[in-house]
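Take a look at the letters that make up each chain.
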Amino acid sequence: MTGWPRLPSPDFDIDPDSGPRSILFNDGYASPAGAAAETETVFLDGIGAPSAWRDRPTFAIGETGFGLGLNFLMTWALWRRTAMPDACLHYVSVEGYPLDQHSLTRALQLYRDIPGLASLIDEICDRFPLRHAGFHRLSLDGGRVQLTLLFGPVEHSLSQLSGKMDAWYLDGFAPARNPDMWTAPVFRAIACRTKPGGRFATYTAAGHVRRGLEDVGFSVEKHPGFAHKRERLTGTLATPPDDEKAQTPWFSLPPTPADPGEVAIIGGGIAAQCCWHALKARGIEATLFDRAGPAGGMGANPVAMIAPKLPVNASLPGRLNALTFLKALAFYDGLGPTVWYDPRGAMQAAAEGVDSDDRQARLIDALDWPKDLITVTEVAGRSALSYPASGCLDPQAVRNVIGAPVESADINALIPIDGGWRLMDGDCGEVWSGRRVIVAAGGWTGRLLQAPWLEIRPSRGQVSWIKGDALPAGIPEQGIGFGGYLSPNITLRDGRRGRVLGSSFDAWPDPDGDTGWQVWSHDDHQRYAAEFAQVFSQAFDLSPPPAEAGWTGLRAMTGDRLPIAGPMPDAEAYGSDYGDLHHGRHWVDYPPARYRDGLYVLSGLGARGYQFSPLMAELLADMLAGMPLPLEKDLIEAVHPARFLIREMKRAGTP
Ligand SMILES: Cc1cc2nc3c(=O)[nH]c(=O)nc-3n(C[C@H](O)[C@H](O)[C@H](O)COP(=O)(O)OP(=O)(O)OC[C@H]3O[C@@H](n4cnc5c(N)ncnc54)[C@H](O)[C@@H]3O)c2cc1C
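Residues numbered from 1 in each chain as written. Predicted model: local features only at pLDDT ≥ 70, side-chain atom pairs only at ≥ 80, totals over all residues. Heavy atoms only, no water.

Student: I would appreciate a short explanation of the pattern of salt bridges in the present structure.
Tutor: Close approach of charged atoms allows side chains with opposite charge to pair. A complete count under the given rule lists 29 salt bridges for this structure. Put simply, Asp27 and Arg177 hold a salt bridge, and the shortest N to O gap is 3.5 Å. Here the residue Asp27 occupies a position in strand E3 (residues 27–28), and Arg177 occupies one in the loop between strand E8 (165–170) and helix H6 (184–192), the gap between them amounting to 150 residues. The class for Arg177 is partly exposed, based on a relative accessible area of 41%. One salt bridge in this structure joins Arg422 and Glu430, with 2.6 Å as the shortest N-O distance. Since its relative accessible area comes to 28%, Arg422 is described here as partly exposed. The class for Glu430 is partly exposed, based on a relative accessible area of 39%. Connected through shared salt-bridge partners, Arg137, Arg282, Lys327, Glu618 and Asp622 make up one network. (Salt bridge = Lys/Arg side-chain N within 4 Å of Asp/Glu carboxyl O. Helix = DSSP H or I, 4+ residues; strand = E, 2+ residues; numbered from the N terminus. Buried < 20%, exposed > 50% of the residue type's maximum accessible area, 1.4 Å probe, protein only.)

Encoded structure:
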């Protein structure tokens, strides 16, 4: 794919008589006869809300045509009043012609008087995503409402959606004006993503819409229409269609049991904490086990910088980097200001021979993001990318705010039992048994799962603590990437003030057998301090700064630099089911994937664990909760644990 695809504009306007409208479709966004009354009558009553969701811990609604988001806002307001306190609403909405944040804000001011909507309008306007093709997941109302916006053409967007809805609102512009929204393939995609007995509601009663919905298994009823419309439709999925056959059956996802039960998470680092947080928002209890106890994870390293790796083209890794970066900003902002160091902002100086000024300019142009997200600046005489809304995190503060309790246990075996798993600690025997386990054990994950094919390569890294006044004045105060990185001036918990300089990368294949990775090395410090001095000496009189202290840690690297997140494949079953993939049989001939029931992985986060974890954890939590997934299918496959097995089988047969 070249560039970052731009979405068409709806040509938004506010007509003084009829209200917000799209000039492109020559149609209004809401009924001039009363937007709130229309949503209540056509959509909320149409799907049987609120009784449809009473006593339900989760409820999923899909929508074609997000428009101004009025249906969403009215549904959210009713959900707040009527759903169980811990229940979670998932709302998925497709929009091919999204408004920009400014136009949406302008339009929604007209509806602030609708009871219960004003604060919700503020929240959605504040958080509305960039007009970027793809899925955008917004966690609203403290996680009680998960909104997934699918920006792009309707048929393609639905084909990328994993998950089944309890109900659908069909609310595209009128069928005569926007026929693409009302086609047989769209109806089929909707039916395939509806639970048996799930409902739909729409304002139209056009003949081909009614027939199209009946053809894919809905039983359809006509009702008197709203305002000037004669009739409208509602319906129930009476005869679910056969599921769409996956073109990549080896990545098809396992079914979700009705009650996921309590979950064990092995690990206490950022991946495990984000999983705990995401599961909690979905009403699922989880327990963390870390051999290092509550001090697990990146250990004492006091800084985690968030700076994405964005290519000029919207490649799979590029899209994943962009989405995880935007999600990380929203997630950590949601934890409150204490998790970020001052001053905010992160810069990435151009690496010699790799990042030309021209590449940076093309990236800015291709992304078309606002200046508070990315802009070009200069560091030490080199051009640099600046991310003003990003910065450096305090990992200890992140941990404190998330507040996941961590139990000390060195898990040395996972034993399958009937309907679940037993976790064994070498000293204490069984420490937990239950149905679901997430292994988020960083560089130790592959060993613990006895799965060398996962291709997780532990890599030792270290950083140094340098006195702030060891550096000349004029070096920017924000976090700076230059190959290594330099943090802002920070105060440690013991009161010392200075900057963190790093870092080293060294393959460390056997971290349990050779524990030398824990020993801080002066030679390593000399190397990255010299690199730092060399980069900055172009603009400053500088010699390599001495280290006052330092920290070491392990990263879990993967060959393709992408995280690993998803269900754990049954490698033997993969061997027998897909071992002949290199002969190139047609995909329809292969069975769906087989997994180690109830076992999930989150690892391979490399040097960007704090960026990747929030979105990857949501992906896993939604898989466990049986909810619509926050990523497009091709991205889910890009991070799927089985990708290593499949690559090997396509290349050479059974690994
Ligand atoms: C020097 C250095 C600097 C870094 N800087 C940054 C940065 O600026 N920004 C950024 O985003 N990332 C940075 N990273 C990378 C980041 O630290 C990792 O990506 C992140 O910590 C991975 O989180 P995790 O939870 O997957 O794994 P970890 O943090 O490694 O946590 C895994 C946990 O699992 C536990 N465990 C393992 N095996 C078992 C077992 N059998 N039983 C019980 N517990 C077990 C371990 O004790 C460990 O606590 C840096 C890494 C290093 C080394």
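Moving on from the model shown.
Student: In this structure, what is going on with the nonpolar core? I would like to understand it.
Tutor: Across soluble globular proteins, nonpolar side chains show a tendency to be buried alongside one another. Within the largest apolar cluster, 83 residues are counted, with the highest numbers of intra-cluster contacts made by Ile265, Leu279, Tyr332, Trp369, Leu393, Ile438 and Leu631. For this core, the element with the most residues is helix H15 (residues 609–625), which contributes 11 residues. Residue-level mapping places this core at the junction of two domains, with at least three residues from each of domain 2 (249–298 + 399–455 + 560–652) and domain 3 (341–393 + 460–554). With sequence-adjacent residues up to four places away left out, Leu393 is seen in contact with Pro302, Val303, Ala304, Ile306, Tyr332, Val339, Trp340, Tyr341, Val398 and Tyr610. Counting residues in hydrophobic clusters, the runner-up holds 79 residues, among them Leu7, Ala77, Ala83 and Ile114. (Core = buried A, V, L, I, M, F, W, Y, C linked by side-chain atoms within 4.5 Å. Domains from an automatic or database assignment. Contact = heavy atoms within 4.5 Å.)

Student: What is the right way to read helix H2 (residues 70–82) from this model?
Tutor: Helical geometry: 3.6 residues make up each α-helical turn, so side chains three or four residues apart lie on a common side. Between its terminal C-alpha atoms H2 stretches 18 Å, which fits the 18 Å expected from 13 residues at 1.5 Å a residue. Buried within H2 we find Leu70, Asn71, Phe72, Leu73, Met74, Thr75, Trp76, Ala77, Leu78, Trp79 and Thr82. (Expected span 1.5 Å × (residues − 1).)

Student: In this structure, what is going on with empty space enclosed by the protein? I would like to understand it.
Tutor: A water-sized probe rolled over the atoms picks out the places where empty space is left. Tallied over the full model, the rule gives 1 cavity of 30 Å³ or more. Looking at the largest cavity, the residues that line it are Trp4, His132, Ala133, Gly134, Arg319, Ala322, Leu323, Leu326 and Glu632. For the lining of the largest cavity, the leading source of residues is helix H9 (residues 316–335), giving 4 residues. (1 Å grid on protein atoms, 1.4 Å probe; cavity = no way out; pocket = protein on both sides within 12 Å on 5 of 7 lines; lining within 4 Å. Points joined across faces, edges and corners; volume = space filled by probe spheres on them.)

Student: So what exactly am I meant to see when it comes to the domain arrangement of the chain here?
Tutor: Domain annotation of the chain identifies domain 1 (12–237), domain 2 (249–298 + 399–455 + 560–652) and domain 3 (341–393 + 460–554). A straight line from the C-alpha centre of domain 1 to that of domain 3 covers 45 Å.

Student: Honestly, the environment of Asp290 in this entry has me stumped. Any pointers?
Tutor: In this fold, Asp290 is placed in strand E13 (residues 286–290). Spatially, the C-alpha atom of Asp290 lies 56 Å from that of Ile14, the residues being 276 residues apart in sequence. Aside from chain neighbours lying at most four places away, what touches Asp290 is Gly267, Gly268, Gly269, Gly296, Gly297, Val406, Glu407, Ser408 and Ala409.

Student: I'm lost on the sheet that holds strand E12 (residues 263–266) in this one. Help?
Tutor: By definition, the strands of a sheet pair up through backbone hydrogen bonds, in either a parallel or an antiparallel sense. Spatially, E19-E13-E12-E23-E32-E31 is the arrangement adopted by the 6 strands of the open sheet, whose pairing is mixed. Of all the strands in the sheet, just strand E19 (406–408) and strand E31 (564–569) have a single pairing partner and so form its edges. Adjacent strand axes in the sheet meet at a mean angle of 25°, parallel and antiparallel pairs treated alike. Pairing analysis gives 5 bridges linking E31 to strand E32 (residues 595–603), with the strands arranged antiparallel. Each residue of the ladder has a partner; that of Gly566, found in E32, is Val601. (Pairing = 2+ DSSP bridges. Axes fitted to C-alpha atoms, helices over the stretch in contact; angles between N-to-C directions.)

Student: Explain the UniProt feature "domain: MnmC-like methyltransferase" (unreviewed entry) in the chain here, please?
Tutor: The UniProt feature table records "domain: MnmC-like methyltransferase" (unreviewed entry) at residues 117–236. Overall, residues 117–236 shows 28% helix and 35% strand. The separation of its end C-alpha atoms is 29 Å. (UniProt positions renumbered as here; feature names shortened; annotations may be inferred.)

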